[in-house]
Amino acid sequence: MSTFRPLIAPSILSADFARLADEVEAVPGADWLHVDVMDGHFVPNLTIGLPVVKAILPCTKTPIDCHLMIDDPDRWAIGYAEAGAYNVTVHVEAARDPVALAANLHAAGARAGLSIKPGTPLEPYVETLRHYDTLLVMSVEPGFGGQEFIADVLAKVRTARRLVDTGHLKVLVEIDGGINADTIGQAAEAGVDCFVAGSAVYGADDPDRAISALRDLAANAAHRES
Ligand code: DX5
Ligand code: ZN
């Protein structure tokens with residue numbers, strides 16, 4: 001029996017925005033609560049921003065995981081850390097100085113995450129990742145929930161897992177996009193620690209049960225001890 005406990009981070013992008021506090025309360029089993037911030041520039045879609053994150057924070061004890069799909073994160077990310085987000089993830093394709101940005105996020109009391117889009121390679125950013133706590137591997141093109149999982153990105157997950165297991169990196173490996181009961185096993189097997197799931201959680205009749213079912217599937221597929 002493996003002792004590995006996968007982290008499940010439901011994405012409120014698939015929640016009912018008119019009942020956000022209730023939707024947050026509907027997932028007490030969540031390890032992190034994933035908040036997708038989109039600016040209509042870095043990605044074509046526009047979602048929510050800092051005022052809504054500030055409104056959610058007092059509604060839950062679950063750590064807030066902010067995924068910033070925005071231009072100029074060097075300027076805007078810090079506000080999410082100062083507001084009290086647990087982890088603030090920026091895109092490497094958008095950041096000008098990701099090393100300084102990670103230091104600023106840490107100084108503001110948050111963990112720092114770096115995300116890569118499906119077409120962005122991992123290798124050029126390995127040294128940069130030494131300054132980060134999480135690596136968010138996108139398994140869909142960022143911008144929308146409910147898209148199909150891109151299995152090709154698992155090669156990057158395997159590389160990251162190896163770098164962590166051999167002590168070269170200390171990041172937690174997170175995956176985002178198209179994670180559901182059919183896809184979570186292969187992601188877990190490749191070495192993911194934390195699984196974002198939007199439609200698979202909030203599209204379920206019982207979102208909290210969907211979380212435990214996903215966690216069990218990931219734990220069974222992972223072949224890991226920690
Ligand atoms: C997509 C977002 C995801 C999205 C995932 O750009 O970053 O977090 O909510 O939704 P599903 O799980 O439905 O693919
Ligand atoms: Zn996301």
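Note that the structure is predicted; figures quoted are calculated from it, not measured. (Residues numbered from 1 in each chain as written. Chains lettered and ligands numbered in written order. Predicted model: local features only at pLDDT ≥ 70, side-chain atom pairs only at ≥ 80, totals over all residues. Heavy atoms only, no water.)

J.: What should I look at first to understand the coordination of the zinc ion (ligand 2) in this one?
T.: Ideal values differ by geometry: the angle at a metal is 109.5 degrees with four tetrahedral donors, but 90 or 180 degrees with six octahedral donors. Protein coordination at the zinc ion (ligand 2) comes from His34 (NE2), Asp36 (OD), His67 (ND1) and Asp176 (OD), with a distance range of 2.0 to 2.3 Å. What the 6 donor atoms of the zinc ion (ligand 2) show is an angle range of 71 to 169° at the metal, which sorts the shape as octahedral. Sequence positions of the donors to the zinc ion (ligand 2) reduce to the motif H-x1-D-x30-H-x108-D. In this pair, aspartate 36 sits in strand S2 (residues 33–38) while aspartate 176 sits in strand S7 (residues 172–176), placing the two residues 140 residues apart along the sequence. Judged on exposure class, the residue aspartate 36 and its partner aspartate 176 are both buried. (Donors = N, O, S within 2.8 Å, 3.2 Å for Na, K, Ca; no water. Tetrahedral: all angles 85-135°; square planar, octahedral: opposite > 155°, others 65-115°. Helix = DSSP H or I, 4+ residues; strand = E, 2+ residues; numbered from the N terminus. Buried < 20%, exposed > 50% of the residue type's maximum accessible area, 1.4 Å probe, protein only.)

J.: Would you mind showing me how to read the environment of leucine 13 here?
T.: Tracing the backbone through its elements, the reader meets leucine 13 in the loop between strand S1 (7–10) and helix H1 (20–25). Its relative accessible area of 22% is what places leucine 13 among the partly exposed residues. The residues touching leucine 13, leaving out its near neighbours within four places in the chain, are Asp36, Met38, Thr47, Phe144 and Gly145. (Contact = heavy atoms within 4.5 Å.)

J.: Would you mind going over the environment of alanine 151 with me for this structure?
T.: With respect to the secondary-structure elements, alanine 151 resides in the loop between strand S6 (134–138) and helix H6 (154–165). For the pair formed by alanine 151 and glycine 178, sequence separation is 27 residues and the distance between their alpha carbons is 9.6 Å.

J.: Mind showing me how you'd approach the sheet that holds strand S3 (residues 64–69) here?
T.: Strand-to-strand pairing in sheets goes through backbone hydrogen bonds, with the strands running parallel or antiparallel. Strands sit in the order S1-S8-S7-S6-S5-S4-S3-S2 across an open sheet of 8 strands; the sheet is parallel. Because the sheet does not close on itself, it has two edges, and the strands there are S1 and S2. The mean angle between the axes of side-by-side strands here comes to 25°, regardless of whether they run parallel or antiparallel. The sheet contact formed by S3 and strand S4 (residues 87–91) spans 4 bridges and is parallel. If you follow cysteine 66 over to S4, its bridge partner there is valine 88. Contacts from helix H3 (residues 73–83) reach S2, S3 and S4, with the element oriented near 165° to S4. Strands in contact with helix H9 (residues 207–222) are S1 and strand S8 (194–197); relative to S1, the strand with the most contacts, it is inclined by about 145°. (Pairing = 2+ DSSP bridges. Axes fitted to C-alpha atoms, helices over the stretch in contact; angles between N-to-C directions.)

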